[in-house]
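Secondary and tertiary structure notes
Here's the letter readout for the chains.
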Amino acid sequence: MIKKGILLLLLAGFVVVISNLIINFSGSSELNPLARYYAENGPTEVGAANLVTAVVVTYRGFDTLGEVTILFIAAAIVGFFLKILNSNNNRTSSLRKPSEILETASTLLVPTIFMLGTYIFINGHLTPGGGFQGGAVIATGVMMIILARPTSEFNHKLLSILEAISGIGFVLMGVLGLILASGFLNNAFLPLGKLGNILSAGAIPIIYVFIGIKVGSELTSILNSLKENQNEV
Amino acid sequence: MSIILAIFLGLVILILAFAAIYHKNIKVAIIASGAVGLFASVLYLLLAAPDVALTEASIGSGLSTIIFFYVLNKIRQSND
Amino acid sequence: MTQYLSVEFIAMLTGFLLMVIGVWGIISQKNLLKIVIGFSLFDTGLNIVIVSLSYVKNSTAPILDKAVEVSDAASKIADPVPQALVLTSIVIGLGVTALMLAYVMRMFREKKSLEINSYNELKW
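The structure presented is a predicted model; accordingly, all values stated were derived computationally and were not measured. (Residues numbered from 1 in each chain as written. Chains lettered and ligands numbered in written order. Predicted model: local features only at pLDDT ≥ 70, side-chain atom pairs only at ≥ 80, totals over all residues. Heavy atoms only, no water.)

Some remarks on the overall build of chain C
Along chain C, the regular secondary structure elements total three helices and zero strands. Traced from its N-terminal end to its C-terminal end, chain C shows the element sequence α-α-α. Expected size for 124 residues packed as a compact globule is a radius of gyration near 14 Å; at 20 Å, chain C overshoots this value by more than 25%. Projected onto its principal axes, the C-alpha positions of chain C cover 65 × 35 × 20 Å. Counting all 124 residues of chain C, 59% fall into the buried class. (Helix = DSSP H or I, 4+ residues; strand = E, 2+ residues; numbered from the N terminus. Rg over C-alpha atoms; globule rule 2.2 N^0.38 Å. Buried < 20%, exposed > 50% of the residue type's maximum accessible area, 1.4 Å probe, protein only.)

Structure below.
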């Protein structure tokens, strides 16, 4: 009982700390100077119609690089935690067979899902979406393959090669920006084009394709290491 | 109109969050926590953030629920 | 009083209460999977609070097209910077959740138990 009281006291402390934000809240009616700068100069400097993409890929490009790195480290540690126990690999076929409907539907749906994911990251500078969302959608398609064919093996070599190439490409684009334009991850070394066209915004579509492939392969390798652990008990 | 929708979404999110913490059946709890992400993505759309809404719908409610179920399945398998 | 009847305030209140529920789940639940669910609820709540701070009254999404011309963009759009940061935060949240779940699997294999009370090596 006394333990419960201490926990409630902790929670009350937490509420008091944050409640200041709630009580003194008055909504903002205009943009702050930083956002105003991005809104006014973003279209001419970066050329992307989607300003969130402009912020993610160019103005705050280092954040994205760090994020991709964190995701890579998380995937590596998940693989490490679960692989270390797989030394005596006696694969039991106790898995339940997938249903007929799932198997048939997956052959129809998986190419469509992959196409949707590719669409999302190629159009990242025009419509909502981008590398992270497209990569997650592609990982969902891979998930469907895993569910429909639980006995099939994954090609680890292909996954790691894809991830390495896209990671190197992402950094290479940044360095090209440093050499040919004004700074790391600057997209202006390719022609900016007309605002709203698919071939615009300089290097942003290329960078987003690399990010999409990298995030997709990283999430797939997380799912894959969880799946391989599934088969033997 | 959007205020009514926001209040409704907020109530649903809070009820689902309580279910996710307190429901006895762990499967229901995982589904409820995934549904919190799904309704939160509609709330993001009301707040003029479609990018965030797309991310939350695909990652927060899709992939993380799948990973939870993988782990739960694994734990159930080695239990019996 | 009027500022309390707006979409952004309601969203912020929801996110705040979601954070409180998440913290309560983390400190009060005994099941390891429930603790991980508490962490992910806390994550969602924090993201909702940050996005609600980025909302400007009567604004639209920060995407320039026919509805929002380049010339009057600054007076019509919501703040894009917090949205970009939350985008990052959601993806990292998935990585952290996967990491915690892998750790739960590993712990379960050692002791065959999901109760936090059976792991008392680090008890104080």
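A look at the packing of helix H1 (residues 2–22) of chain B against helix H1 (residues 7–28) of chain C
At a minimum axis separation of 9 Å, H1 of chain B and H1 of chain C run at an interaxial angle of 5°. In terms of orientation, H1 of chain B lies roughly parallel with respect to H1 of chain C. Of H1 of chain C, the residues touching H1 of chain B (which contributes Ser2, Ile3, Ala6, Ile7, Gly10, Ile13, Leu14, Ala17, Phe18, Ile21 and Tyr22 of chain B) are Val7, Ile10, Thr14, Leu17, Leu18, Ile21, Trp24, Gly25 and Ser28 of chain C. Grouping the amino acids of the contact of H1 of chain B with H1 of chain C by side-chain chemistry returns 15 nonpolar, five polar and no charged. (Axes fitted to C-alpha atoms, helices over the stretch in contact; angles between N-to-C directions. Parallel < 35°, antiparallel > 145°, perpendicular 65-115°, else oblique. Contact = heavy atoms within 4.5 Å. Nonpolar A, V, L, I, M, F, W, Y, C, P; charged D, E, K, R; others polar.)

A short note on the interface of chain C and chain B
The interface is formed by 48 residues belonging to chain C together with 41 residues belonging to chain B. With both chains or domains summed, chain C and chain B bury close to 3800 Å², and 82% of this area falls on carbon and sulfur atoms. Between chain C and chain B we count four residue pairs in polar contact (both at pLDDT 80 or more) in total. Going through the elements one at a time, H1, helix H2 (32–54) and helix H3 (80–111) of chain C are the ones with two or more residues in the side of chain C that touches chain B. Counted by class, the side of chain C that touches chain B contains 30 nonpolar, 14 polar and four charged residues. (Buried area = accessible area lost by both parts, 1.4 Å probe. Polar contact = N/O pair within 3.5 Å; in protein donor to acceptor, adjacent residues only side chain to side chain.)

Here we look at unusual backbone geometry
For Ala48 of chain B, which is not a glycine, the phi torsion comes out positive at approximately 60°. Structurally, Ala48 of chain B is set in the loop between helix H2 (26–46) and helix H3 (50–79).

Section: the interface of chain C and chain A
Across the contact, 45 residues belong to chain C and 55 residues belong to chain A. For the pair chain C and chain A, the summed buried surface comes to about 4500 Å²; carbon and sulfur atoms form 79% of the total. On the surface where chain C and chain A come into contact, there are zero residue pairs in polar contact (both at pLDDT 80 or more). Among the elements that make up the side of chain C that touches chain A, the one with the highest residue count is H3 of chain C (18 residues). Here the side of chain C that touches chain A is composed, by residue class, of 35 nonpolar, five polar and five charged.

Quick word on the packing of aromatic side chains
Here the structure, examined in full by the defined rule, presents four aromatic pairs over all chains. Aromatic pair Phe18 of chain B and Tyr22 of chain B: ring centres 6.4 Å apart, planes at 15°, arrangement stacked. Pair noted here: Phe18 of chain B and Tyr22 of chain B are both in helix H1, with a separation of four residues, about one helical turn. On the basis of relative accessibility, which here comes to 45%, the residue Phe18 of chain B falls in the partly exposed class. Ring-pair connections join several aromatic residues into one group, and the members of that group are Tyr37, Tyr38 and Tyr59 of chain A. (Phe/Tyr/Trp six-rings, centres within 6.5 Å; stacked < 30°, edge-to-face > 60°.)

Some words on the confidence of the model for chain A
Segments scoring low in pLDDT should not have their predicted coordinates read at a detailed level. Overall, the prediction assigns chain A a mean pLDDT of 79, with 91% of residues at 70 or greater. The element-level mean pLDDT for chain A is lowest in helix H2 (residues 33–45) of chain A, coming to 79, with helix H5 (residues 100–122) of chain A highest at 87. (pLDDT = per-residue confidence, 0-100.)

Examining H3 of chain C
Three or four residues apart is the spacing at which side chains of an α-helix point the same way, because the helix has 3.6 residues per turn. Residue and element names in this part refer to chain C. For H3, built from 32 residues, the straight-helix expectation of 46 Å at 1.5 Å per residue is met to within 8% by its first-to-last C-alpha distance of 47 Å. Sitting at the head of H3, Asp79 places a side-chain oxygen 3.2 Å from the backbone nitrogen of Val81. In the stretch just after H3, Lys112 is the one whose phi turns positive, near 55°. (Expected span 1.5 Å × (residues − 1).)

Section: the pattern of salt bridges
Residue and element names in this part refer to chain A. Evaluation of the coordinates by the stated rule reveals two salt bridges over all chains. Of the charged contacts in the structure, one is a salt bridge between Lys214 and Glu218, with a shortest N-O distance of 3.3 Å. Here Lys214 pairs with Glu218, and both are found in helix H8 (residues 204–231), just four residues apart, close to one helical turn. On the accessibility criterion, Lys214 (11% relative accessible area) is buried. On the basis of relative accessibility, which here comes to 1%, the residue Glu218 falls in the buried class. Connected via shared salt-bridge partners are Glu163, Lys214 and Glu218. (Salt bridge = Lys/Arg side-chain N within 4 Å of Asp/Glu carboxyl O.)

Focus on a nonpolar patch on the surface
All names here are of chain A. Taken together, Val171, Val175, Leu176, Leu178, Ile179 and Leu180 make up a surface patch of nonpolar side chains, about 520 Å² in accessible area. Mapping Leu176 onto the fold places it in helix H7 (residues 156–180). Accessibility expressed as a relative area gives 30% for Leu176, which makes it partly exposed. (Patch = residues over 30% accessible without salt bridge, like charges linked within 9 Å, V, L, I, M, F, W, Y side chains within 5 Å. Areas by Shrake-Rupley, 256 points an atom, 1.4 Å probe, with all protein chains shown as cover.)

Considerations on the environment of Ser160 of chain A
Residue and element names in this part refer to chain A. Here Ser160 lies in helix H7. Take Ser160: its relative accessible area is 42%, and that puts it in the partly exposed class. Residues Ser160 and Ser221 lie 61 residues apart in sequence; the distance between their C-alpha atoms is 8.7 Å.

Some points on the packing of H2 of chain A against helix H3 (residues 51–59) of chain A
Residues and elements named next belong to chain A. H3 packs onto H2 with a crossing angle of 70° between their chain directions and a minimal axis gap of 10 Å. Between H2 and H3, the crossing angle belongs to the class labelled roughly perpendicular. Residue-level contacts link Tyr38, Ala39, Asn41, Gly42, Pro43 and Glu45 of H2 to Leu51, Val55 and Tyr59 of H3. Per-class residue counts for the contact of H2 with H3 are six nonpolar, two polar and one charged.

Here we look at empty space enclosed by the protein
As enumerated under the stated definition, the model contains two cavities of 30 Å³ or more in all. Along the wall of the largest cavity there are 17 residues; nearest its centre are Gly60 and Ser64 of chain B together with Ser40, Asp43 and Thr44 of chain C. Those elements that provide at least two residues to the lining of the largest cavity are H2 and H3 of chain B together with H2 and H3 of chain C. If one sorts the elements of the lining of the largest cavity by residue count, H3 of chain B sits on top with six residues. Split by residue class, the lining of the largest cavity holds five nonpolar, ten polar and two charged. Val55, Val56, Arg60, Asp63 and Thr64 of chain A together with Ala84, Leu85 and Thr88 of chain C together form the lining of the second largest cavity. Put simply, the parts of the chain that give the lining of the second largest cavity at least two residues each are H3 and helix H4 (61–83) of chain A together with H3 of chain C. Sort the elements by how many residues they give to the lining of the second largest cavity and H3 of chain C lands first, with three residues. (1 Å grid on protein atoms, 1.4 Å probe; cavity = no way out; pocket = protein on both sides within 12 Å on 5 of 7 lines; lining within 4 Å. Points joined across faces, edges and corners; volume = space filled by probe spheres on them.)

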